[in-house]
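In case you want the letters, here they are:
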Amino acid sequence: MENFEEFEELLRQRSYAELTENEKQWVTQFISSEAEYESLRQADRQLNHYVTATRKLTPSPKIWAAIKNDIAQNKKAAKVYWLNTSIPAYATLVLLMVVGIFSWYGGSNYNSTTVYEPKIVTHIDTVFIASKPDTIVRERIVYLKTYPTPAIIQASTKRLENMPATKGINMKEKEELERLLVSGSR
Amino acid sequence: MTGLSDEDLMDKVCGGDERALEEIYQRYSQPLLRYFYRMLWQDQSKAEDFLHDLFIKIMEKKVQFESGRKYSTWMYSIAHNMCKNEYRKKAFRSSTQHSFNGNGNIDELITLQLDHTSFHQTLEGLLTKEGEEARTLFVLRHELDMSVAEISEVINCPEGTVKSRLFYLKKKLALALEHYKVVLEK
């Protein structure tokens, strides 16, 4: 059967009478007689004739439109895929347990009274820290050389009394005197 | 965009470029529609639904595309798996009902078809009778002109096995369609 395709090609192209002696010898690996060869050749031709009928088949344009539409729908569906993702049973169970625990905890505290203490919020922007000083520093001038203190001289002079021979003149008298002396007359 | 390879386009699709996906759709929508049409009981509306679903799957699985792999075979392998699932559903639905396949032998089927139906119906009946695997091989090889290597990758089966299965399928079809030689002469 190795050369089956070559045998088919021969069937299509040439009748048994047209085969060379070598080819006739060669085809005996597939057929046992000339009649069988011709029968196969005839069937081959009939089948080819038969299939030509479907060559006229053409797909409706609606098919491609439907394909495009469905592809677009699938793309939209893919966007919300995570919403429709199936969850394993154990994950669902764990989720239910978590929800159950939270519900129970919330329910148990439902009737309890909650006392809210007013919270005083003070705003402190400066902090003074007062502390008692443990060291006092005093400054004092210390002279290395000592000078003797100057002795206090007490003046004990007497105030002189107005002499009786002296008598002062006033400015008017002085002016008249000067005029006399310069002019020689009064 | 048109000058880029399928693999380069797929890289762009992975980067979120919708124009690249549109280019891939332009390239493969028709052969894929033919593939689904042949695989799914020649029901055009079902084939169009599957074409639509396939491109949605491609967008969903784009990160799974290995950059070293051929894009077309990766895409057809997804399409192949979709058809296999549909066959399973169909088998489940019709398990209690009288169905066309599963009863009687090929000769009876052919005789019945010879009397009442056309070549196409005979071929369809035979492919149904031979099963999902035979239909897949037939469609990939004759309808889509895939190489044996590509088919091997799409259906995840060794090349040697694909060749031998294709050969025996061809022999069965030739035997069953022998009476319809007149179809071509018309």
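Here the residue index of a chain counts from 1 through its sequence in written order. All chains are assigned letters beginning with A, and all ligands numbers beginning with 1, in the order in which they are written. At least 70 in pLDDT is required for a residue's local features to be given in this predicted model, at least 80 for side-chain atom pairs to be given and counted, and no such filter applies to totals for whole chains, interfaces and linings, which use all residues.

We now examine the confidence of the model for chain A. pLDDT runs from 0 to 100 and stands for how confident the predictor is about each residue. Per-residue pLDDT for chain A averages 80, and the proportion of residues at 70 or more is 80%. Of all the helices and strands in chain A, helix α5 (residues 81-84) of chain A carries the lowest mean pLDDT, 61, while helix α2 (residues 21-27) of chain A carries the highest, 90. To qualify as a helix, a DSSP run of H or I must reach at least 4 residues; to qualify as a strand, a run of E must reach at least 2; elements of each kind are numbered from the N terminus.

What follows is about helix α6 (residues 89-108) of chain A. Every α-helix winds through 3.6 residues per turn, so residues three or four apart in the chain are directed the same way. Taking 1.5 Å per residue as the helical rise, α6 of chain A with its 20 residues ought to reach 28 Å, and the 28 Å between its terminal C-alpha atoms agrees with that figure. Exposed residues have 12 or fewer other C-beta atoms within 10 Å of their own C-beta, buried residues have 20 or more, and partly exposed residues fall in between, where C-beta atoms are placed from the backbone. Counting buried positions along α6 of chain A yields 0 of 20 residues, so the element is predominantly exposed. Expected span of a helix: the number of residues minus one, times 1.5 Å.

Residues and elements named next belong to chain B. With their axes 10 Å apart at the nearest point, helix α7 (residues 132-143) and helix α8 (residues 148-155) run at an angle of 140° to one another. Here α7 is positioned oblique relative to α8, judged by the angle of their axes. Crossing of α7 against α8: the hand is right-handed. Contacts between α7 and α8 pair T136, L137, L140 and R141 from the former with I151, V154 and I155 from the latter. Under the convention adopted here, Pro, Cys and the residues Ala, Val, Leu, Ile, Met, Phe, Trp and Tyr are nonpolar, Asp, Glu, Lys and Arg are charged, and Gly plus all remaining residues are polar. Class assignment of the residues belonging to the contact of α7 with α8 gives a composition of 5 nonpolar, 1 polar and 1 charged. Geometry is summarised by axes, namely lines fitted to C-alpha atoms with helices restricted to the contacting stretch, and by angles between N-to-C directions that run from 0 to 180 degrees. Oblique is the label for any angle not covered by the other classes, which are roughly parallel (under 35 degrees), roughly antiparallel (over 145) and roughly perpendicular (65 to 115). Take the far helix as the reference: if the near one is turned anticlockwise from it by less than a right angle, the crossing is left-handed, and if turned clockwise, right-handed. For the purpose of contact definition, each residue receives a C-beta atom placed from its backbone, and two residues are in contact when these atoms lie within 7 Å.

Every contact between the two is made by 33 residues of chain B and, on the other side, 26 residues of chain A. Residue assignment for the side of chain B that touches chain A shows that the elements contributing at least two residues are α2 (18-39), α3 (44-60), α6 (119-130), α7, α9 (159-176) and α10 (181-185) of chain B. At 9 residues, α9 of chain B tops the list of elements feeding residues into the side of chain B that touches chain A. Residues that form the side of chain B that touches chain A fall into these classes: 17 nonpolar, 7 polar and 9 charged.

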